[in-house]
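Close look at the chain arrangement
One-letter residues, chain by chain:
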Amino acid sequence: MNHVALLSGDARAADSNAYLVRAQSDLSDFFKRLRPDAVKLAGYFQRQDRGFFSDGTILEQGRTKYGGSLEWAITPDDRVSIRHDGAIALLPQIGLPGSNLDPLALREIETELTRVRYEMKRGRFGLQSEYAHGYLRDPLVAGFDSHRDSLGVMASYRVSKWLKLSLGQDSILYVSGNDPQLGTGAIGLAPGATGDWRDRFMSTVGATLSLWRGLELELAESVRWSGDNATSIGLKLPVSKTASVYARQLLSHAQDQLSTTSVVGAEDRFGPAGAGRTYGEYQVESGVLGVQNRAILGLSHTWAPWRGIGFAGGYEHQQVFGGHLPDGTPTGDAQRDVVHLGVELTRFRRLKLSTRAELRYDSGSGVVGLSPDVAGANLSPNVDTRSGLGAGYYADRIVTPGSQLLLAPGRRWQVVSRTGASFALSRDLTLLGRFNVYRTYNASEERVEAQALELGVGVALRPVQWDWLNILFKYTRLLEMRPLSLTEDLAQRRTIDILSIVPILELPFRFQLVEKLAWKRVEEDHDLLAGTSLRSVIHTLLWINRLNFHITGRFDAGVEYRFLRIFLDGQGDQLKHGALIELGYWLHKHIRLGAGYNFSSFSDNEFADQDRDASGFFFRVVGRY
């Protein structure tokens, strides 16, 4: 888990899982009349919760990405493709003077992009054309909901082995809602208020020079018909089979304002099978919003010096100077450093153990230099209606929400440690154990802001002679403290005890019966004011009845009915119940993909807070051992 997950009052920030599912297919494998690589299908779904962290994934925290593509090679020189990419980002908010934003809530931004492309080659001549539809939604900014349709054409001609020329034209055909560049004026440049059609057209001319042994120089000049322009120059060089370096310079001019951006980066893999990786990138941007520097540097490596004993370690540094959001909101300076170490022991037949520890340092200056006049403004909860919001300049680039390093003001240290182990007492009986520690210390205010301690034990019974029976028993105790207010030093302290048992029985005629019974006790102290708190105790009992049918060796279908009873001390009890259907596919004997619909309003996860509505379609990945 990370600092934001432990500090945020938003329940979604506590999730700390991540997974990626990717599939691709060549239809010629199924239709023999198609030539190889003629028609290709691909799709992916990636989710990384706000509380998940591993090396190299800082910029993906709190993001769900999904999409797919279809490519059709009509001839060896003609190709048509359609592609869709979507993303939903949960980003921390930054409270500003006069703003009614909740700093403990998260901001959800959705982007969708659909593209249809045609590519053609005729000797030295090449042509690319693309139609695109984009959608941008930000529910926390009043009235911000944008659609955009655009059409682009790029023609290229290879003059010689070392020189290729290109000419392109981009046109925005349709805009609705509050577009960042061409909207109503509440956000962005607001050319839509003047009705200047020239802001919707941009022409680009460029050249690519092959200088020496893979070294390429790229030059491009883009001119918007209203007068704004941008010039870019870049170099890219593969220095070995595993390493490459690149550099790029962008000079932009918009509304009589000049801005420059410099980017330098490199990546290299080392060790057996590329198990080690180093990477780094540095950006410097200077313009009307001031100077902004961004840097990221990382090193990670995994190695196994002995059979069954492996180690992992790494370091990552990210820093921003003079940061600001695309709409001009200043975010100040921010720095994050992460060191992680891990050990995995699988050498012994009966004992398996893995542990990972991370030390993180965050330093954020917060928002500076902004004092908008909001006297008399009618502020809605979590809607930023400050006058002057978004008076930034966008030059000649399409504005999309970026992966900004947003940190709360102050210096914080965080320790995260996770340990898991299993020991086989016999062929039929295995003991399980888990020990996790999280702690966030505010060095600026010299106090602990958040902490959690989790201890879990379990027993797995899998009789070898009775292979139709599996029983899993688990007990977990969780002690946690979360802040309710970062300014008034108010917190929520909880002690959670969970006891569960899951028997699984294989029945005749390909049926399988799964029962689950889980009891949870939550004792909570909720600060109301300094020195005053409200204590409550809640008991919940979860009972799940599930029947699966093994359709084939890999596909199965399931239906279940579940009951949840909630007992409140002195307030009676509440009963919830409902059904669920699911279709599953076993990628591997230990990995199962499932999708279905939950007709009830609660989750089958006994660790989840049952005050969230879990109904609707779902997708999940299940692992077993």
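Calculation rules
Residues numbered from 1 in each chain as written. Predicted model: local features only at pLDDT ≥ 70, side-chain atom pairs only at ≥ 80, totals over all residues. Heavy atoms only, no water. Helix = DSSP H or I, 4+ residues; strand = E, 2+ residues; numbered from the N terminus. Buried < 20%, exposed > 50% of the residue type's maximum accessible area, 1.4 Å probe, protein only. Pairing = 2+ DSSP bridges. Patch = residues over 30% accessible without salt bridge, like charges linked within 9 Å, V, L, I, M, F, W, Y side chains within 5 Å. Areas by Shrake-Rupley, 256 points an atom, 1.4 Å probe, with all protein chains shown as cover. Salt bridge = Lys/Arg side-chain N within 4 Å of Asp/Glu carboxyl O. Contact = heavy atoms within 4.5 Å. Phe/Tyr/Trp six-rings, centres within 6.5 Å; stacked < 30°, edge-to-face > 60°.

On to the overall build of the protein chain, then. When its secondary structure is counted, the protein chain shows one helix and 29 strands. Within the protein chain, the proportion of its 625 residues that are buried is 39%.

Attention now moves to the pairing of strand S6 (residues 125-137). By the bridge criterion, 13 bridges tie strand S5 (residues 106-122) to S6 in an arrangement that is antiparallel. For Arg115, the partnering residue across the bridge sits in S6 and is Ala132. Connecting S5 to the antiparallel partner S6 that follows it, the hairpin turn spans two residues, and Gly123 within it adopts a positive phi of roughly 65 degrees.

A positive phi angle is found at Asp37, which is not glycine, with a value near 70 degrees. Mapped onto the elements of the fold, Asp37 is located in the loop between strand S1 (18-26) and strand S2 (39-48). The class for Asp37 is partly exposed, based on a relative accessible area of 42%. The phi dihedral of Arg510 is positive, around 70 degrees, even though this residue is not glycine. Inspection of the secondary structure puts Arg510 in the loop between strand S23 (490-506) and strand S24 (511-529).

Moving on to a nonpolar patch on the surface. Side chains of Leu507, Phe509, Phe511, Leu547, Phe549, Ile551, Phe555, Val559, Ile581, Leu583 and Phe599 sit close together on the surface and give an oily, nonpolar patch of about 990 Å² of accessible area. Within the residue set of the nonpolar patch, elements represented by two or more residues are strand S25 (532-550), strand S26 (555-568) and strand S27 (572-588).

On to the environment of Ser422, then. Relative to the elements of secondary structure, Ser422 occurs in strand S19 (residues 410-424). In the structure, Ser422 is positioned twelve residues away from Arg434 in sequence and 8.9 Å away in space, judged by C-alpha atoms. In this structure Ser422 touches Arg350, Leu351, Lys352, Thr430, Leu431 and Leu432, once residues within four positions along its chain are discounted.

One pair of aromatic rings is described through two measures. These are the centre distance and the angle between the planes. Scanning all chains against the criterion turns up twelve aromatic pairs. Summarising the aromatic geometry, the rings of Tyr597 and Phe599 are spaced 4.8 Å apart at their centres and angled 55 degrees between planes, so their arrangement reads as tilted. Put simply, the rings of Phe45, Tyr66 and Phe619 pair up and form one aromatic cluster.

Coordinates in, geometry out; function isn't part of it.
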